[in-house]
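This is what each chain is made of:
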Amino acid sequence: VVAEAGVVLDDLEIALNREGMTVPLDLGAKGKCQIGGNVSTNAGGLRLLRHGSLHGSVLGVEVVLASGRVLNLLKTLRKDNTGYDLKQLFIGAEGTLGVVTKVALLAPRKPRRVDVTFAAAPSFSAAVETLVAAKTELSESLQAFEFLDRASLELVCAQMKGARDPLPGSEAPFYVVMETSGSVERAAEERARLDRFLADAKTRGRVVDGVVGVRVRVRGGIAAR
Ligand SMILES: Cc1cc2nc3c(=O)[nH]c(=O)nc-3n(C[C@H](O)[C@H](O)[C@H](O)COP(=O)(O)OP(=O)(O)OC[C@H]3O[C@@H](n4cnc5c(N)ncnc54)[C@H](O)[C@@H]3O)c2cc1C
C-alpha cells in the first residue's frame, strides 16, 4: 500500500482491513500516530515478532530534503536488489535527513481469526521462558508477545473504563499477552492447542495462571471474555 505520511496508523489499518489486509505494525499510539512518524522512529510495536521491523516492511519512501529537492524512492517492488538501498537511511532518522512525505508499505494478509492468551508469570525470567516456549511450540501462529508488570496492570484497571483484570486473585509480579492467528475452520483445535500450551507452562512453573480468549482493546484496556 502507498500512503501519504500524514495518514493515521489506525485509519490505514481500517482501510486495509476492508481489503482483507493489515498493517505490519500495531502500537498503543495507533489512534494518533502517523505513518511518517512511525517510519521516522522505526517504530517496532506489537507485530514485530511476526512481521519484523520497518526496515523490512517499508518498500519505498518519498522524501523532501532540506534543499527542497524531492527524492523519489517510492518503489513498490518487494524484491529489489539493484544498487544502494537509500530508503533505509530515512527509516529511524527522526526527520534529521529530510521529511518523509509518502511511504510504500508491504501489507500482509489479515489473519482470519486471532486468539489472545493472558498469563501470570511468577518472575521475569519465567516470562522470558514463556516467550521462548511460545516461539518454539506456536511458531507459525504466534503474532505478538508482550509483557507487563503488576503495577501496569493495576494502573490500566484503575484508569481505563471497562478494563478488568483477566486473572483476578493471581497477584503475580509479571503478566504476558500472546496473540496467535488461526483459521475459522480449525478454531476448536487451535484453542485446544493453546490450552495445552498453558497447561504445560503451568506444570513447568513458567506461569501460575492463564486464560485463553481474552479481549484486548488497545484504547479500552483488558477484559476477560
Ligand atoms: C526513536 C523512537 C523509537 C520508537 N519506537 C517505538 C516502538 O518501537 N514502539 C512503539 O510503540 N512506539 C515507539 N515510539 C513511540 C513513537 O513516538 C510513536 O509511537 C510513533 O511511532 C511516532 O509517530 P508520530 O506520528 O506520533 O510521530 P511524532 O511523535 O510526531 O514524531 C516522532 C519523530 O519522528 C519525526 N517525524 C514525524 N513525522 C515525520 C515525517 N513525516 N518525516 C520525517 N520525520 C518525521 C519527528 O520529528 C520526531 O523526531 C518510538 C519513538 C521514538 C522517538
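Note that this is a predicted model, so its numbers are computed, not measured.

Engineer: Explanation requested: the site of the ligand in the structure shown.
Structural biologist: Near the ligand lie 18 residues; those nearest to it are Leu-27, Gln-34, Asn-38, Gly-44 and Val-100. In the environment of the ligand, an oxygen atom lies 2.9 Å from a nitrogen or oxygen atom belonging to the side chain of Asn-38. Contacts to the ligand include Gly-95, whose backbone N or O atom sits 3.4 Å from a nitrogen atom. When the ligand sits alone it has 930 Å² of accessible area, and the protein chains cover 55% of it. Contributions of two or more residues to the shell around the ligand are made by α2 (35-41) and β4 (99-105). Broken down by element, the shell around the ligand gets its largest block of residues, 5 residues, from α2. Of the residues belonging to the shell around the ligand, the class tally is 7 nonpolar, 10 polar and 1 charged.

Engineer: Explain the domain arrangement of the protein chain to me, please; I cannot follow it from the model alone.
Structural biologist: How big an interface is tends to be expressed through the accessible area that disappears when the partners come together. The assigned domain composition of the protein chain is domain 1 (2-105) and domain 2 (113-224). Distance from the C-alpha centre of domain 1 to the C-alpha centre of domain 2: 29 Å. In this assembly, 11 residues from domain 1 lie in contact with 12 residues from domain 2. Roughly 870 Å² of surface becomes buried between domain 1 and domain 2 when both sides are summed, with 54% attributable to carbon and sulfur atoms. Of all residues in domain 1, Leu-46, Leu-49 and Arg-50 give up the largest surface area on contact with domain 2, accounting jointly for 64% of the area buried on that side. On the surface where domain 1 and domain 2 come into contact, there are 0 salt bridges. Across the domain 1-domain 2 interface, the total number found is 1 residue pair in polar contact (both at pLDDT 80 or more).

Rules of the game
Residues numbered from 1 in each chain as written. Predicted model: local features only at pLDDT ≥ 70, side-chain atom pairs only at ≥ 80, totals over all residues. Heavy atoms only, no water. Near = heavy atom within 4 Å. Polar contact = N/O pair within 3.5 Å; in protein donor to acceptor, adjacent residues only side chain to side chain. Areas by Shrake-Rupley, 256 points an atom, 1.4 Å probe, with all protein chains shown as cover. Helix = DSSP H or I, 4+ residues; strand = E, 2+ residues; numbered from the N terminus. Nonpolar A, V, L, I, M, F, W, Y, C, P; charged D, E, K, R; others polar. Domains from an automatic or database assignment. Contact = heavy atoms within 4.5 Å. Buried area = accessible area lost by both parts, 1.4 Å probe. Salt bridge = Lys/Arg side-chain N within 4 Å of Asp/Glu carboxyl O.

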